[in-house]
Amino acid sequence: MSQSDPLTKYVANFVDELARSGVEDVVISPGSRSTPLAILIAEHKNLTVHLSIDERSAGFFALGIAKVQKKPVALLCTSGTAAANYYPAIVEAYYARVPLVVITADRPHELRDIGAPQAIDQINIYGKYAKWFVDVALPEENSNMFRYVRQIAGRAVNKAMTKPYGIVHLNFPLREPLLPNLNMENLWSSEDMRERQITFLPSNQTLSEEDLNELVHLLEEFSKGLIVCGEMDGERAEESIVELSNHLSFPILADPLSQLRTGKHSKRKVIDHYDTLLKDEEIINHLKPDVVIRFGAMPVSKPLMLMLKNNPDIIQIIIDDAGGYREPTLNGAYIVPAAENFICRQLISRTAKRDESRFDKSWILANEICSQYINEEIAQINDLFEGKIYTELQKNVCEECNLVIGNSMPIRDFDTYFGNTDKEIHVYGNRGANGIDGVVSTALGISLKTEAPTVLIIGDLSFFHDLNGLLMAKLHAIDLTVLLINNDGGGIFSFLPQSKEEKHFEALFGTPIGLDYEKAAQLYDGSYKEIEDWDQFRQFFETMRTRKGLNIIEVPTDRNTRVEVHRELLQLVSQEIKKGLQL
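Residues numbered from 1 in each chain as written. Predicted model: local features only at pLDDT ≥ 70, side-chain atom pairs only at ≥ 80, totals over all residues. Heavy atoms only, no water.

Caption draft 1: Focus on the packing of aromatic side chains. Under the counting rule described, the total for this entry stands at 13 aromatic pairs. Seen from their ring centres, Tyr 94 and Tyr 129 are 5.1 Å apart, and the 85° between their planes marks the pair as edge-to-face. Here Tyr 129 lies in the loop between strand E4 (100–106) and strand E5 (130–135) and Tyr 94 lies in helix H5 (residues 87–96), a separation of 35 residues in the sequence. Taken together, a centroid distance of 5.5 Å and an interplanar angle of 70° make the contact between Trp 534 and Phe 537 edge-to-face. Here Phe 537 and Trp 534 lie together in helix H21 (residues 534–544), a separation of three residues that amounts to about one turn. The pair Trp 534 / Phe 537 is uniform in exposure class, with both members buried. Grouped by ring-pair contacts, the aromatic residues Tyr 87, Tyr 94, Tyr 95, Tyr 126 and Tyr 129 constitute a single cluster. (Phe/Tyr/Trp six-rings, centres within 6.5 Å; stacked < 30°, edge-to-face > 60°. Helix = DSSP H or I, 4+ residues; strand = E, 2+ residues; numbered from the N terminus. Buried < 20%, exposed > 50% of the residue type's maximum accessible area, 1.4 Å probe, protein only.)

Written as structure tokens, this is what we have:
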């Protein structure tokens, strides 16, 4: 018997059960203490390994894969600060409800807290962000321990996939020797001969007749209603929500990540410019609802949040498939733990269909005026104005693709300027914690698991934060087009009160870094093009349809002048809307 046989069989049982429980992809960062786990994961025929040297990028790369697949992706790293580098992605996964199984190798107990090299306290290192933590028992060769470690694997996957989705952390203390014996007979065998060691049956949340009737009575009482849709982590529900909107005559305020602005479904009642409409107090007073049905996370729009926060008389019914609590306005009246499709069907079947109301028509008219005027005014702008990037993107991007939107200004500009389209576009973003870190790696994880082209729209500071992530494009031949909006600094701060502090603004908030990103493209074997005008922008997207690999298109903009252009444009739009509504 090899000295490593007990370790090999123990870890092999864990790895095999991980695969049997539904994990398909494992993102591994290299290290010594994690050797037996890494080698046995690579050896398993049903697991696909993606090597990522930088753990911070690895975490976000796994996050991107899990966003697409909606199933757990495993992460593996060695002991020490490697585990700490997962933290930003774990925080994002927690708030965005993305399932991850985080596996960290560790020193055995006798080497903890004595000054041993590469040994830190990894017990509950992720705090409340982990739904479940286990300091896994040391490897032993007996059937009871093999069943134990298989149960750990099965429970970990189930916990990650129990709503709300999230992360579990398994900490594996391992003693040397660390090299597993791959020649062991029946390496993956299970003594119990089951398909899985443990199977968890799903529980489906439903509402009682009494609760449903209370909601129905409430909706029948009010005619001035809205449906508000943010990012939803459950099953696709666009068709059901549109049907409910038509049935109740409630317009839909659709966040970019709701998937309601894109696709073939009807968009007559999908309001894509509500962020602009709700910037004007007079328009708010005219379009204010009595009741709101909200699906998913709170949308990115600050004016919408302020309307709901500043008007506690608006009755908010918040549908949360996972039974969580995402209600930053503090005015929620009902939290409904039910799936979107289920609640839509129930409300449609139990309420009378309404004719289109004056309130409904006012929202639709205001949105049409806003859309028309923005597009007409944007068309006349010849400078590389950041807002025009999104109207041009909408026209020139492929009929079927993925758009990954960076945080800070890109997601807000996308919300303002990217309107409804019948193109089959899936829009992604990291809006759990809203950080600008890890977005490149997330986009690469998304691109890896989708057949349609993926375009990342990102600011220069966010791009700089995750330049390491581009290595995955090079190592794994992943196709990604990066639309880099370079205003040489933190553009969002120009819209905030800090911009009035001229003495310290540039040093503390503007933060120009003056990097030449063409060199980054060269470093990672990507192509690069700096855009000088809109004709070049359109030509690039025409050629992009057949271009593979990493492509970076840089659009240089002026963050100092864009604030004035943006505000003047929206002020003119508000005036046109008031005329149309006869306010």
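Having seen it, we continue.
Caption draft 2: Molecular detail of the pattern of salt bridges. As enumerated under the stated definition, the model contains 33 salt bridges in all. With a shortest N-O distance of 3.8 Å, Glu 231 and Lys 67 are connected by a salt bridge. Taken together, the positions of Glu 231 in the loop between strand E7 (225–229) and helix H8 (238–248) and Lys 67 in helix H3 (residues 55–69) put the pair 164 residues apart, joining distant regions of the chain. Judged by its relative accessible area of 9%, Lys 67 falls in the buried class. Put simply, Arg 294 and Glu 327 hold a salt bridge, and the shortest N to O gap is 3.7 Å. Here Glu 327 lies in the loop between strand E11 (315–319) and strand E12 (332–336) and Arg 294 lies in strand E10 (residues 291–295), a separation of 33 residues in the sequence. In terms of burial, Arg 294 and Glu 327 fall into one category: buried. Overlapping salt bridges, with partners in common, bring together Asp 16, Glu 17, Arg 20 and Arg 150 in one network. (Salt bridge = Lys/Arg side-chain N within 4 Å of Asp/Glu carboxyl O.)

Caption draft 3: Structural view of the layout of surface pockets. Taken as a whole, the largest pocket spans an internal volume of roughly 1100 Å³. Every residue lining the largest pocket is counted, 47 residues in all, and those nearest its centre are Tyr 95, Glu 231, Ala 297, Arg 326 and Arg 431. Looking at the lining of the largest pocket, the elements that each hand over two or more residues are H3, H5, helix H11 (302–310), helix H15 (409–417) and strand E14 (424–429). Taken together, the residues that form the lining of the largest pocket break down as 22 nonpolar, ten polar and 15 charged. (1 Å grid on protein atoms, 1.4 Å probe; cavity = no way out; pocket = protein on both sides within 12 Å on 5 of 7 lines; lining within 4 Å. Points joined across faces, edges and corners; volume = space filled by probe spheres on them. Nonpolar A, V, L, I, M, F, W, Y, C, P; charged D, E, K, R; others polar.)

These figures capture arrangement, not role.
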